[in-house]
Amino acid sequence: MTAAVTERLETIKDIVCDILEIDPDEVTNTSLFADDHGADSLRAIEILASLEKQFSVVIDQAELPRMVNLDGVYAVVAEAAGW
């Protein structure tokens, strides 16, 4: 994994933890936001909006079903940003 990828993953994790109000130690790349951390659809939209702002990308809300964990979020953002 390159430094850029690691940095982006950390930034995404920070945004997600901030919005879900959870400790970064509680989140793994595959833990599910809704099932494991109690996130609702409003939080998911907040995450999407924050990611768009942070990375200057546009993410279609149709991508929300893929954004269930950190791996899914990274994949969606990477596609939108062309990483």
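Going by the structure above, here's the rest.
Residues numbered from 1 in each chain as written. Predicted model: local features only at pLDDT ≥ 70, side-chain atom pairs only at ≥ 80, totals over all residues. Heavy atoms only, no water.

Draft legend 1. Structural context of the environment of leucine 20. Tracing the backbone shows leucine 20 in helix α1 (residues 3-20). Take leucine 20: its relative accessible area is 8%, and that puts it in the buried class. Through-space distance from the C-alpha of leucine 20 to that of aspartate 35 is 12 Å; in sequence the pair is 15 residues apart. Leave out the neighbours within four places in its chain, and leucine 20 touches Phe33, His37, Ala39, Arg43 and Ile47. (Helix = DSSP H or I, 4+ residues; strand = E, 2+ residues; numbered from the N terminus. Buried < 20%, exposed > 50% of the residue type's maximum accessible area, 1.4 Å probe, protein only. Contact = heavy atoms within 4.5 Å.)

Draft legend 2. Representation of the nonpolar core in the model. Residues Ile12, Leu51 and Ile59 are the most contacted members of the largest nonpolar core, which totals 24 residues. Within the residue set of this core, elements represented by two or more residues are α1, α3 (41-55) and α4 (70-81). It is α1 that provides the largest number of residues to this core, a total of seven residues. With near-sequence residues (within four places) excluded, leucine 51 lies in contact with Ile12, Ile15, Ser56, Val57, Ile59, Met67, Val73 and Val77. (Core = buried A, V, L, I, M, F, W, Y, C linked by side-chain atoms within 4.5 Å.)

Draft legend 3. Inspection of the packing of α1 against α4 at higher detail. Taken N-terminus to C-terminus, the directions of α1 and α4 make an angle of 115°; their axes are 10 Å apart at the nearest point. Considering only the axes of α1 and α4, their crossing is right-handed. Along the contact surface, α1 presents Val5, Arg8, Leu9, Ile12, Lys13 and Val16, while α4 presents Leu70, Val73, Tyr74 and Val77. Residues of the contact of α1 with α4, tallied by class, amount to eight nonpolar, no polar and two charged. (Axes fitted to C-alpha atoms, helices over the stretch in contact; angles between N-to-C directions. Left-handed = near helix turned anticlockwise from the far one by under 90°. Nonpolar A, V, L, I, M, F, W, Y, C, P; charged D, E, K, R; others polar.)

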